[in-house]
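Descriptive structure summary
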Amino acid sequence: MEFKDYYQVLGVATGATADEIKKAFRKLARQYHPDVSKEPDAEQRMAQVNEAYTVLSDPEKRAAYDALGAQAAAQGARSGGEFRPPPHWDAGFAFSDASRPYEGADHGQYSDFFEQLFGQAARAQRRQGAPSGGAQRGADQHARIELDIADAYHGGMRTIHLRTAHLDAGGHVVPEQRSLEVKIPKGMREGQLIRLAGQGNPGLGGAPAGDLFLDVLFRPDPRWRAEGRDIYKPLLLAPWEAALGASVEVQTPAGSLEVTVPAGSHAGRKLRLKGRGIPSSTPGDLYLELGIALPPADTDTARAAWAALGKAFPHFNPRQAQAAQGA
Amino acid sequence: MPHAFHTPAQLGELLDDATLTLEELARACCRAPEWVSERVEAGVLETTPSTSPAAGLVTWRFSSATLVRARRVAQLEATFDADPYLAAMTTDLMEEVARLRRRLRHLEEGTPTAQQGR
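All values reported here derive from a predicted model rather than from experimental measurement. (Residues numbered from 1 in each chain as written. Chains lettered and ligands numbered in written order. Predicted model: local features only at pLDDT ≥ 70, side-chain atom pairs only at ≥ 80, totals over all residues.)

**With respect to the overall build of chain A**
Each helix and strand in chain A was counted, giving 10 helices and 11 strands. For chain A, buried positions account for 27% of its 327 residues. Partitioning the intrachain contacts of chain A with sequence separation of at least 6 by distance along the chain shows that 61% fall at a separation of at least 24. (Helix = DSSP H or I, 4+ residues; strand = E, 2+ residues; numbered from the N terminus. Buried ≥ 20, exposed ≤ 12 C-beta atoms within 10 Å, placed from the backbone. Contact = placed C-beta atoms within 7 Å.)

In structure tokens form, the structure reads like this:
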């Protein structure tokens, strides 16, 4: 496996004090926080920073890691080269049996290097045969999943890929990439979570596995957008359709609909189609946001038609109407 | 090279407004249940009261949105040794920024650029 230089990740010297490590971590956490950062790889960088800090902020893990780093340097693998830790590399360090179920960063975002040395499966490997090794439920995992709004109407099937680790028959830690097919139930809205019970990290000592939580995001679509269970769709009308009313065909995430546009409609008006939003026991509504498209005046006939329209409304002044509205 | 294997299709469960128990929420945030109850009592996290018909007891239930929020608060507290109220205020601002960015994106997508005359 590839050796990870956690000091380099945090940008500190190998002899950095605990305070220097904490300051470097906070600075990077602010820089790469996925909810704030504009960096394209912020999420990935944040995961690396979290992993480095998990090791370097724990005195026992750091001491074991430093000892390992010296061995890596001897193998010439310190800077990202192929590295194999010697057996019992962590002998004498107390973190092996330390179980801190309520602390630490999210599970499931660590590198293979971390998983094999410090991960849950690695701890289990070190505890094998130890009388104190009790059962421990697997950690929950979290992942994001991008779906189309149409999936919220019909449900769908997605394959997601997860990284984790498990113990093989010989008790060795094996990093694994897991493909999981997920049946997406219909009716989900953005920000809602989908739970897959027992699909998180495996438990230790016969304890159950954790759960997998999928955070739903809708793929941007110029045709429509969702707000909660309501769907908003822009609908362009010809001027005469808006003025006289019309029956128009509208494409929605649920399929095609025939909609009656009332006479006297104007741009910016919203037409509500009750219950045509995302399905649920109380389904959302579908809002058509009306806009008016003007035919081009690019031929003599078209220009004459526009001029005739102008003559038909000699007193129509849209600026006056605007002024009357206080705009 | 990571070992790869495939699991048959699993049906996901949609977490509605009042699905998660206190213990489930705590576990999904890698925190103790007391951490959650302290923040509910402080008004940092919202809960939906739910009455168990068998025992007539009122228990707390939590929504997806609360889980996402609780994980943000937990992460901010841990990363910056932040006071829970400060972490909650930062989370409020993050949620507001996300909402406004979404709104801005929709407005930018929906607003045609005006042609300027001579």
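**Quick notes on unusual backbone geometry**
Residues and elements named next belong to chain B. For Cys30, which is not glycine, the phi torsion reads 55 degrees and is therefore positive. Looking at the element boundaries, Cys30 is found in the loop between α1 (22–28) and α2 (33–41). For Cys30, a count of 21 C-beta atoms within 10 Å puts it in the buried group. Phi at Asp81 takes a positive value of approximately 50 degrees, unusual for a residue other than glycine. You can see Asp81 is positioned in the loop between α3 (64–80) and α4 (84–110).

**Some details on the domain arrangement of chain A**
Reports of interface size often rely on the accessible area that becomes lost once the parts have come together. Taken domain by domain, chain A comprises domain 1 (1–98) and domain 2 (225–324). Using C-alpha coordinates to define each centre, domain 1 of chain A is positioned 58 Å away from domain 2 of chain A. (Domains from an automatic or database assignment.)

**Quick notes on the nonpolar core**
In this structure, Ile194(A), Leu214(A), Leu25(B), Cys29(B), Leu67(B) and Ala70(B) are the most contacted members of the largest nonpolar core, which totals 36 residues. When residues of this core are traced back to their parent elements, those giving at least two are α7 (149–154), β3 (173–184), β4 (193–196), β5 (212–218) and β11 (286–292) of chain A together with α1, α3 and α4 of chain B. For this core, the leading source of residues is α3(B), giving five residues. For Ala70(B), the residues in contact, after removing those within four places along its chain, are Leu25(B), Cys29(B), Val36(B) and Leu45(B). (Core = buried A, V, L, I, M, F, W, Y, C linked by C-beta atoms within 7 Å.)

**Re the sheet that holds β4(A)**
Reading across the sheet, the four strands line up as β1(A)-β5(A)-β4(A)-β2(B) and stay open at both edges, with mixed pairing between neighbours. In the strand order of this sheet, the two ends are held by β1 (141–147) of chain A together with β2 (13–14) of chain B, each with one partner. Alignment of β4(A) against β2(B), held across two bridges, turns out to be antiparallel. Along β2(B), the bridge assignment pairs Ile194(A) with Leu14(B). (Pairing = 2+ DSSP bridges.)

**A closer look at the sheet that holds β11(A)**
Residue and element names in this part refer to chain A. Reading across the sheet, the four strands line up as β6-β7-β11-β10 and stay open at both edges, with mixed pairing between neighbours. Lying at the two open borders of the sheet, with one neighbouring strand each, are β6 (225–227) and β10 (270–273). Across this sheet, the average inter-strand angle for adjacent strands is 30 degrees, counted without regard to direction. (Axes fitted to C-alpha atoms, helices over the stretch in contact; angles between N-to-C directions.)

**A closer look at the interface of chain B and chain A**
Contact residues are listed per partner, giving 29 residues for chain B and 38 residues for chain A. Tallying contributions element by element places strand β1 (residues 3–11) of chain B first for the side of chain B that touches chain A, with nine residues.

**Focus: the confidence of the model for chain B**
Caution applies to low-pLDDT parts of the model: their predicted coordinates are not meant to be read in detail. With 79% of its residues at a pLDDT of 70 or more, chain B shows a mean pLDDT of 81. Below pLDDT 50 for its whole length, residues 111–118 of chain B participates in zero contacts with residues either more than four positions away or in separate chains. (pLDDT = per-residue confidence, 0-100.)

**Observations regarding the pairing of strand β8 (residues 246–252) of chain A**
All names here are of chain A. Pairing of β8 with strand β9 (residues 255–261) involves seven bridges; the strand directions are antiparallel. Paired with Gln251 across the strands is Ser256, a residue of β9. In this antiparallel pair of consecutive strands, β8 and β9, the connection spans two residues.

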